[in-house]
Amino acid sequence: MIRSRKKLLYQRLKLSPNLFPMTAISSSLIRHLYTPPFISTVVRRFSSTVQHLSSLSPSLTSADKFHLSPADKLQLMPNQAIGKVATVYSNLMRVVVEQEKSPEYIERVELLCVVRGLLKNIEKKVIVGDKVLVGSIDWIDRRGRIDNVFDRVTELHHPTVANVDHLLVLFSLDQPKLEGFLLTMFLVEAESTGIPVTLALNKAELVDKETIMSWKSKLSSWGYEPIFCSVVTKAGLGPLYAKLRDRTSVILGPSGVGKSSLINALRSNNFFFPPPTNSNLGSKWLEGQRVGEVSAKSGNGKHTTCHVSLLPLFGGGYVADTPGFSDPKKLKLLKLTQQSLGLCFPEIRNVLSASEPLQCAYRYCLHIGEPGCLVETDWERHFYYYMLLDMIKNEEENPRTREGDG
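Colleague: Any chance you could break down the packing of helix H5 (residues 180-191) against helix H12 (residues 382-397) for me, citing the residues and the numbers?
Modeller: Their axes nearest at 10 Å, the elements H5 and H12 cross at an angle of 60 degrees. Classified by the interaxial angle, the pair formed by H5 and H12 is oblique. In this structure, the crossing between H5 and H12 has a hand that is right-handed. Taken together, the residues of H12 that come into contact with H5 (itself represented by Gly180, Phe181, Thr184, Met185 and Val188) are Tyr384, Met387, Leu388 and Met391. The residue makeup of the contact of H5 with H12, split by class, is seven nonpolar, two polar and no charged.

Have a look at this one:
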């Protein structure tokens, strides 16, 4: 009897059991209210209360729509905002919220956020780079709660970053010396994501012009137009910054090539723009990245970056420094198949594109000299291609569990 009366009350009040559990209404209250003189009054009062809560609470609107498209335009309340996850700790997230103060000025505010329990219950994971809806914001203490996550446009798994729209492959011309096969492995790793790739070669001040021209010609035959830059002399930083501005970029490269130094130079508040006069970003985002050194014994770099963080650029955009590694075995190239590897080489892609509508005689041609293959064997990196193809073939024939794969 009591339960049926509760159901009737819910129907009359148009309440949702998810928002107002039946257990929250006592049986004695039902007995008291369930009389004709009171029920109409209760309906009027509760209806007005629900309408008021619906206009204030994110739980009743956008946060309960668990599939938010990046194109969705939400009606935000003063204690709500849309931001980007910059760093993920165990139970806390650093979220950067951009607020347009004028057409010429966008203020960035850093919020320390927890994740809504319901997102954890449905196993909706929040990662660096996620576009999120933040609610229950205390703008004074700069704290909030991540109520929902927008659908991801892209997602990298090594490193784990969402919504990346640009990859910067960074190597050094010297200290450590540029090596073709390792560079190829990083380029193939980047090309396999389908995200636009830029190649930059740092420490240009350590080599002569002949070396730079030689690498420029070589890499042009590979299908790349690299940016030669130097943190010391500032050469090339302008064109490089133009590639990064207003994009979410991840920098990939082995240890010691100067990733952290380059980020510090690009983010320095006196490099392209005057220091911000009204920034609410915490010191974490304004301080420089820790810079390491190159081992004199091995010539390889030493690790200084141990986690992934998105760092805002003052002129717009974000850049992520990633843990570097110099061991090719730690790359995740072996996610590729023998058939998909060729598409990660611009040389092969360009030949196939220029030959359309003609195609290789075999549907699953590996471009290793099969009869009727359109790709010749006289291109410079064909030996590197064969080596990677052999690595993938061995992995497919002898599968093993790789650490860090998910």
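Colleague: Account for unusual backbone geometry, naming residues and giving values.
Modeller: Outside of glycine, negative phi angles account for most residues, and trans bonds account for most peptide bonds. A cis geometry characterises the amide bond from Gln175 onward to Pro176, with omega recorded as 0 degrees. Here Pro176 is to be found in the loop between strand E8 (166-172) and H5. With omega at 10 degrees, the peptide bond leading from Glu356 into Pro357 counts as cis. Examined against the element boundaries, Pro357 turns out to sit in the loop between helix H11 (346-354) and H12. A positive phi angle, near 70 degrees, is found at Lys234, a position not held by glycine. The topology assignment puts Lys234 in the loop between strand E10 (227-228) and helix H7 (237-244). Although it is not a glycine, His367 adopts a positive phi angle of roughly 60 degrees. Relative to the helices and strands, His367 is located in the loop between H11 and H12.

Colleague: Talk me through the packing of H7 against helix H8 (residues 259-267); I want residue IDs and the actual numbers.
Modeller: It is at 11 Å that the axes of H7 and H8 come closest, and there the two elements cross at 85 degrees. Judged by the inter-axis angle, H7 sits roughly perpendicular to H8. Mapping the contact onto sequence places Leu237, Leu240, Tyr241 and Leu244 in H7 and Leu262, Ala265 and Leu266 in H8. Residues that form the contact of H7 with H8 fall into these classes: seven nonpolar, no polar and no charged.

Colleague: Can you tell me about the pattern of salt bridges, naming the residues and giving the values?
Modeller: Applying the stated criterion across every chain yields a total of nine salt bridges. Put simply, Arg152 and Asp130 hold a salt bridge, and the shortest N to O gap is 2.7 Å. A residue pair is termed long-range when its members are at least 10 positions apart, and Arg152 in the loop between strand E5 (143-149) and strand E6 (155-157) and Asp130 in the loop between helix H4 (117-121) and strand E4 (131-138) qualify at 22 residues. Residues participating in the shared-partner salt-bridge network are Asp130, Arg152 and Glu155.

Colleague: Pulling in residues and values, what's your account of the state of the cysteines?
Modeller: This model, assessed by the stated rule, comprises zero disulfides. The cysteine Cys365 is free of any disulfide, with Cys373 supplying the nearest cysteine sulfur at 3.6 Å.

Colleague: Could you give an account of H8, with specific residues and numbers?
Modeller: Counting buried residues along H8, seven of its nine residues qualify, which places the element largely inside the surrounding structure. Those residues of H8 that fall on the buried side of the exposure criterion are Lys259, Ser260, Leu262, Ile263, Ala265, Leu266 and Arg267.

Colleague: Now, about the pairing of strand E1 (residues 81-88): what can you tell me, with residues and values included?
Modeller: Look at any regular strand and the pattern is simple: side chains alternate between the two faces of the sheet. Where burial is concerned, most of E1 is hidden: six out of the eight residues are buried. Alignment of E1 against E4, held across four bridges, turns out to be antiparallel. By the bridge assignment, Ile82 is partnered in E4 with Leu133.

Here is what the cut-offs are and how they apply
Residues numbered from 1 in each chain as written. Predicted model: local features only at pLDDT ≥ 70, side-chain atom pairs only at ≥ 80, totals over all residues. Heavy atoms only, no water. Axes fitted to C-alpha atoms, helices over the stretch in contact; angles between N-to-C directions. Helix = DSSP H or I, 4+ residues; strand = E, 2+ residues; numbered from the N terminus. Parallel < 35°, antiparallel > 145°, perpendicular 65-115°, else oblique. Left-handed = near helix turned anticlockwise from the far one by under 90°. Contact = heavy atoms within 4.5 Å. Nonpolar A, V, L, I, M, F, W, Y, C, P; charged D, E, K, R; others polar. Salt bridge = Lys/Arg side-chain N within 4 Å of Asp/Glu carboxyl O. Disulfide = S-S within 2.5 Å. Buried < 20%, exposed > 50% of the residue type's maximum accessible area, 1.4 Å probe, protein only. Pairing = 2+ DSSP bridges.

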